[in-house]
Amino acid sequence: EPGRILCIDSLLELYRSDLVALDYMRGDESYKKRFAKESRRVYRLRVSAPSLSNRFSHQLWTKQFELKQWLRKQTGRTPLHVAS
């Protein structure tokens, strides 16, 4: 599996270069628990301009995020913490 070999080789190179942290992106997939020694909180800031179209776009994004959190609860996964 060339893709897996390249991925492992890349991780080894990062490890040898005194890597401090590596973000695998996305959510809480199971492979992250195998690689991580400890969890770190990541903050994401969302800013939108006060125009009508941007406010509408932000409202759509907010409703989509709330739906995802509800689905996470329904499937037994931990919802994301949202700072107000």
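The model shown is predicted, which means the values in this text are computed figures rather than measured ones.

### Some words on a nonpolar patch on the surface
Line of reasoning, step 1. A cluster of nonpolar side chains, namely Leu67, Trp70 and Leu71, defines an oily patch on the protein surface of about 320 Å² accessible area.
Line of reasoning, step 2. Its place among the elements puts leucine 67 in helix H3 (residues 52–74).
Line of reasoning, step 3. We classify leucine 67 as partly exposed; its relative accessible area is 48%.

### Some details on the confidence of the model for the protein
Line of reasoning, step 1. Residues at a pLDDT of 70 or more form 70% of the protein, whose mean pLDDT is 80.
Line of reasoning, step 2. Confidence, expressed as mean pLDDT per element, reaches its minimum in the protein at helix H2 (residues 30–35) with 68 and its maximum at H3 with 92.

### Considering the pattern of salt bridges
Charged atoms that come close allow side chains of opposite charge to pair.
Line of reasoning, step 1. Inspection of the entire model under this criterion finds 1 salt bridge.
Line of reasoning, step 2. Of the charged contacts, one joins glutamate 66 and lysine 63 as a salt bridge, the two residues approaching to 3.6 Å between their closest N and O atoms. With glutamate 66 and lysine 63 both in helix H3 and 3 residues apart, the pair spans about one turn of that helix.
Line of reasoning, step 3. Residue classification places glutamate 66 among the partly exposed residues on the basis of a relative accessible area of 42%.

Cut-off values and rules
Residues numbered from 1 in each chain as written. Predicted model: local features only at pLDDT ≥ 70, side-chain atom pairs only at ≥ 80, totals over all residues. Heavy atoms only, no water. Patch = residues over 30% accessible without salt bridge, like charges linked within 9 Å, V, L, I, M, F, W, Y side chains within 5 Å. Areas by Shrake-Rupley, 256 points an atom, 1.4 Å probe, with all protein chains shown as cover. Salt bridge = Lys/Arg side-chain N within 4 Å of Asp/Glu carboxyl O. Helix = DSSP H or I, 4+ residues; strand = E, 2+ residues; numbered from the N terminus. Buried < 20%, exposed > 50% of the residue type's maximum accessible area, 1.4 Å probe, protein only. pLDDT = per-residue confidence, 0-100.

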